[in-house]
Amino acid sequence: MRGCESRVFVAMLGGGAGTLGSLGEIGLDIQDGIAERLGMGSMSNPSRTIGDHLVEYITILALLSATCSKIGREVYTQMKQEFGEVEEPVPEGTVGSSTMPQKRNPKLAQDIVAGAAQVRALVPLALEAMQTEHEADRTTSVMMDKALNEACILTGDILQRMVNLFAGIRVFPERMRENLDLSGGLIMSEAIMLELGRQIGRQQAHDAVYEAAQASFIEGKSFADCLAEEPDVSARMTPEQIQALLDPTAYTGACRLFAERGAVQAREVANSLSE
């Protein structure tokens, strides 16, 4: 949003045909003065037939909305009973279904996803509105005004719902851990392979872990037991070492760094906006 300000938020005073025919060159100074009073930039070539900056703004709103939609869809998915890892705020008395009293639906997330789809659909309309003749054309102005107004209204609604969603979101780490354990440790096969590969080479380690993983899945046996039965593994790892490598909390890579760095950046942006 900050990067587009100098291009998007510009004042335009060009007259009916964009020639400043009634004012002459002094009209540029007048346009600059108007822009200054409005806290905006001044359009370098004032013309009612140029819509690039408006389309850029609508497209940026669509990108912002799409990002919100991705976040909202993640909450929507993780709120399903099969996952149960997060839940958006559900105020007391909220009715999830007229026929199923037990339902707790992600209404905020659903509205965000639906609204974002509508914003994205306005981008083609805005691009079409750019196809203005050499003279100002009310036909394309009507199209551009519709795209611009609806994009702003919808994006504002989406952002407010995002605020409401994350002001009261609930997180269930116990359920997250249960879900991590659903595969019986199979999701940690990479950690086993990499550690084993340091001793016997990556390809041979991959083959050994692959065989253990397939046996665990097909035969319904413990992955740890299947690993212990693989000669290449058992000859180089103790059962305790295998169990330690099967712990998903010990294999999070740079996640903590990303989270902490992101939090710092978010606070900096929030502080700058409040100032």
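Here goes a summary of the coordinates provided.

Conventions used here
Residues numbered from 1 in each chain as written. Predicted model: local features only at pLDDT ≥ 70, side-chain atom pairs only at ≥ 80, totals over all residues. Heavy atoms only, no water. Helix = DSSP H or I, 4+ residues; strand = E, 2+ residues; numbered from the N terminus. Buried < 20%, exposed > 50% of the residue type's maximum accessible area, 1.4 Å probe, protein only. Contact = heavy atoms within 4.5 Å. Salt bridge = Lys/Arg side-chain N within 4 Å of Asp/Glu carboxyl O. Axes fitted to C-alpha atoms, helices over the stretch in contact; angles between N-to-C directions. Parallel < 35°, antiparallel > 145°, perpendicular 65-115°, else oblique. Left-handed = near helix turned anticlockwise from the far one by under 90°. Nonpolar A, V, L, I, M, F, W, Y, C, P; charged D, E, K, R; others polar. Expected span 1.5 Å × (residues − 1). Arc of directions from axis to C-beta. Patch = residues over 30% accessible without salt bridge, like charges linked within 9 Å, V, L, I, M, F, W, Y side chains within 5 Å. Areas by Shrake-Rupley, 256 points an atom, 1.4 Å probe, with all protein chains shown as cover. Core = buried A, V, L, I, M, F, W, Y, C linked by side-chain atoms within 4.5 Å.

**Observations concerning the side chain of His53**
With respect to the helices, strands and loops of the structure, His53 is situated in helix α3 (residues 52-78). Note on His53: relative accessible area 14%, which makes it buried. Dropping the residues within four chain positions of it, His53 is found in contact with Arg7, Val8, Val10 and Met43.

**Considering unusual backbone geometry**
Unlike most non-glycine residues, Leu20 shows phi in positive territory, near 55°. With respect to the helices and strands, the residue Leu20 is situated in the loop between β1 (10-11) and α2 (26-38).

**As for the pattern of salt bridges**
Inspection of every chain in the model, using the stated rule, returns 13 salt bridges. In this structure, Glu219 engages Lys221 in a salt bridge whose closest nitrogen and oxygen atoms are separated by 3.7 Å. In this structure, Glu229 engages Lys221 in a salt bridge whose closest nitrogen and oxygen atoms are separated by 3.1 Å. With a relative accessible area of 52%, Glu229 lands in the exposed category. Among the residues examined, Lys221 registers a relative accessible area of 31% and is labelled partly exposed.

**Some remarks on the packing of helix α4 (residues 107-129) against helix α5 (residues 138-167)**
At a minimum axis separation of 9 Å, α4 and α5 run at an interaxial angle of 160°. Comparing the axis directions of α4 and α5 gives the class roughly antiparallel. Considering only the axes of α4 and α5, their crossing is left-handed. Split into classes, the residues belonging to the contact of α4 with α5 amount to 17 nonpolar, five polar and five charged.

**Concerning the packing of α3 against α5**
Their axes nearest at 10 Å, the elements α3 and α5 cross at an angle of 30°. For the element pair α3 / α5, the angle class is roughly parallel. Seen from above, α3 lies across α5 with left-handed handedness. When α3 is examined against α5, the residues Leu54, Val55, Tyr57, Ile58, Leu61, Leu64, Ser65, Cys68, Ile71 and Val75 are found in contact with a partner set consisting of Met144, Ala147, Leu148, Ala151, Cys152, Thr155, Ile158, Leu159, Met162, Leu165 and Phe166. Partitioned by chemical class, the residues of the contact of α3 with α5 number 19 nonpolar, two polar and no charged.

**Some points on α2**
End to end, α2 covers 19 Å across 13 residues, agreeing with the expected 18 Å (1.5 Å per residue, within 8%). Listed in full, the buried residues belonging to α2 are Gly27, Gln31 and Ala35. Seen from one end, α2 has its buried residues packed into an arc of 85°, which puts them on one side. Turned more than 90 degrees away from the buried face of α2 sit Ile26, Asp29, Glu36 and Arg37, all of them exposed. Here the buried face of α2 lies against β1 and β2 (41-42).

**Here we look at the environment of Pro173**
Note that Pro173 resides in helix α6 (residues 173-180). Sequence separation between Pro173 and Gly84 is 89 residues; the distance between their C-alpha atoms is 9.7 Å.

**Looking at a nonpolar patch on the surface**
A surface patch of nonpolar side chains, about 560 Å² in accessible area, is lined by Phe9, Leu23, Ile26, Ile30, Ile34, Leu38 and Met40. Inspection of the secondary structure assignment puts Met40 in the loop between α2 and β2. Residue Met40 is classed as partly exposed on the basis of its relative accessible area, which comes to 32%.

**As for the nonpolar core**
One finds Ile58 and Ile158 to be the most contacted residues of the largest nonpolar core, which totals 28 residues. Ranked by residues supplied to this core, first place goes to α4 with nine residues. Other than its neighbours up to four places away in sequence, Ile158 contacts Ser65, Cys68, Ile112, Gly115, Ala116 and Val119. Core analysis: the second largest hydrophobic core is formed by 20 residues, Met193, Leu196, Ala213 and Leu227 among them.

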